[in-house]
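Coordinates in review
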Amino acid sequence: MNRRDFLKSALTVAALSPLTRLAGQSGVPGTAPDGIARPAPDKVTRRRFRTTGLTIPLLGFGMMRLPRQSPNRPDIDAAKAGKMVDRAMAAGLNYFDTAYMYHKGKSETFAGKALKKYPRDSFLLADKMPVWMAGNPAGIKHIFQEQLDRCQTEYFDFYLIHSLNAANWERALKFKVPEFLEEQKAKGKIRYLGFSFHDSPEVLKTIAGARPWDFAQIQLNYLDWEAYRSREQYEILTELGIPVIVMEPLRGGALAKLTPEATAILQRNNPGASTASWALRYAASLPNVICVLSGMTLPEHLEDNLRTFTPFKPLSDAERQTLQAALQAHHGAAVPCTACNYCVPCPVGVEIPRIFSAYNQYRSSGDARAFLAAMAALGEDGRPGACVNCGRCARHCPQKIKIPDELKAIDSEYRRLQKA
């Protein structure tokens, strides 16, 4: 995806309008006409899962970006994160999403400890199988058991084959991962089986149609609706009757910080609503979306998200027009990075996500001094000029960003600003 396509996608928000009107066609017994299962007024809104008696909070707790003891280390601030889990549980936000590599393997362990105090049937735990980290079928079995042990649980409520693309799907088939996970499901170690996805709609059609899936997790937000072809992905899954869980609704935090001009438009419409809440409501307004994951680093993030979903109100036609106007005023991020960190560690130490974050903030704010300071703090080996163009990062990037090219351009701008 090039920068022009990324920015042009911001103007496609109006395409959501006809889809949200389908919300009245749920027809699930015991739900309201919009398919929402009504909780207590002080609890997060929930949606019915397929035709089961299970309801899922429309807001999910993503454990990919938990508070850290230090910004440069994966160690989780267990005290602060634990209080956030307790607050979430009290508010009815009881869906927790972790993965094998999050926080360098520490996220699963934290989840196990933080949730151990609660009855197992009082929360929903989701985890994922990273097929690329297993060298053979035995590795798949080892990872799965290790995840159960780390999470201190006998089963996962929702389990996904992680980050499927064409290559990972081929590897999953080679290692007979679907068959193994079906066996675990039959044993009661998995309740519902799905997959998370990072590839084209064409590949999604192959994977989604290969077997019966209970759900699927895709990247979806108002910038990716066209640029990342999220609309096509959503429609494929909806036509197949596969419920959707949304990841990256804020695009790694980028949609929580629009330009001042865009932010002002949203604030005039609803002074009490955060910029992030608009993006979360955009994703959650889709009728086949059962849960929107948010990776919450600070207690303030959690509280703002709880306000957005307690109760949840879908975007109106007028609000969609307001969001479109805001997007037209928004210059957009220079690099469509979601800070997933799949590109690191870099073999030579380049701090790729931190560089993109600093550069995007510079392009949004125009604050060259802050950008220069951020680059200086990275050290010589961490700056974009240290890139050796090996291409490893680009091969691992779910956003298909041409990372070495972007680093070269950023390095050029950095050097220009140094001389200015």
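Residues numbered from 1 in each chain as written. Predicted model: local features only at pLDDT ≥ 70, side-chain atom pairs only at ≥ 80, totals over all residues. Heavy atoms only, no water.

**Overview of the packing of aromatic side chains**
Inspection of every chain in the model, using the stated rule, returns 21 aromatic pairs. Centre to centre, the rings of Tyr362 and Phe371 are 5.0 Å apart; their planes meet at 15°, and the pair counts as stacked. Since its relative accessible area comes to 11%, Tyr362 is described here as buried. Overall, the relative accessible area of 1% leaves Phe371 in the buried class. Feature note: the residues Phe49, Tyr95, Phe158, Tyr192 and Phe215 constitute an aromatic cluster, connected by ring pairs. For the cation-ring pair, Arg120 lies above Tyr155, with the distance from its terminal atom to the ring centre recorded as 4.0 Å. The ring of Trp213 has Arg211 sitting right over it, with the charged end atom 4.7 Å from the ring centre. (Phe/Tyr/Trp six-rings, centres within 6.5 Å; stacked < 30°, edge-to-face > 60°. Buried < 20%, exposed > 50% of the residue type's maximum accessible area, 1.4 Å probe, protein only. Lys NZ or Arg CZ within 6 Å of the ring centre and 35° of its normal.)

**As for the pattern of salt bridges**
Tallied over the entire structure, the rule returns 21 salt bridges. Across the salt bridge formed by Asp86 and Lys117, the nearest N and O atoms sit 3.2 Å from each other. Of this pair, Asp86 sits in helix H3 (residues 78-90) while Lys117 sits in the loop between helix H4 (106-115) and strand E6 (124-129), and the two are 31 residues apart along the sequence. A relative accessible area of 26% places Asp86 in the partly exposed class. A salt bridge links Glu413 to Arg416, with the nearest nitrogen and oxygen atoms 2.8 Å apart. Of the two residues, Glu413 and Arg416 are both situated in helix H18 (residues 403-419); the distance of 3 residues between them amounts to about one turn of the helix. (Salt bridge = Lys/Arg side-chain N within 4 Å of Asp/Glu carboxyl O. Helix = DSSP H or I, 4+ residues; strand = E, 2+ residues; numbered from the N terminus.)

**Some points on the pairing of strand E9 (residues 215-219)**
Burial analysis of E9 places 5 of its 5 residues in the buried class, which makes it a mostly covered element. Across the two faces of E9 the burial is the same, with Phe215, Gln217 and Gln219 and Ala216 and Ile218 all buried. Bridge count between strand E8 (residues 190-197) and E9: 4 bridges; the pairing is parallel. Paired with Gly194 across the bridge in E9 is Phe215. Running through helix H8 (residues 201-208), the crossover from E8 to the neighbouring parallel element E9 is right-handed. Both E9 and strand E10 (residues 244-247) contribute to a ladder of 4 bridges, which runs parallel. Counterpart to Gln219 in the pairing with E10 is Met247. (Pairing = 2+ DSSP bridges. Right-handed = clockwise from strand over helix to strand, strands pointing away.)

**Structural notes on the environment of Glu232**
Looking at the secondary structure, you find Glu232 in helix H10 (residues 230-239). With a relative accessible area of 34%, Glu232 lands in the partly exposed category. Taking the C-alpha atoms as reference points, Glu232 and Pro201, separated by 31 residues in sequence, lie 6.2 Å from one another.

**With respect to the side chain of Asn221**
Tracing the sequence through the fold places Asn221 in the loop between E9 and helix H9 (224-227). Reaching out from Asn221, the side chain makes a polar contact with the side chain of Asp224 at a distance of 2.7 Å. Excluding its chain neighbours within four sequence positions, the residues that come into contact with Asn221 are Glu248, Pro249, Arg251, Leu255 and Tyr282. (Polar contact = N/O pair within 3.5 Å; in protein donor to acceptor, adjacent residues only side chain to side chain. Contact = heavy atoms within 4.5 Å.)

**Topic: the environment of Phe96**
Mapped onto the secondary structure, Phe96 falls in strand E5 (residues 95-97). Residues Phe96 and Gly62, spaced 34 residues apart in sequence, show a C-alpha to C-alpha distance of 6.2 Å. Contacts of Phe96, omitting those with residues within four sequence positions, involve Phe61, Met63, Val85, Ala88, Met89, Leu115, Phe123, Leu124, Leu125 and Ala126.

On their own, these measurements won't tell you what the molecule is for.
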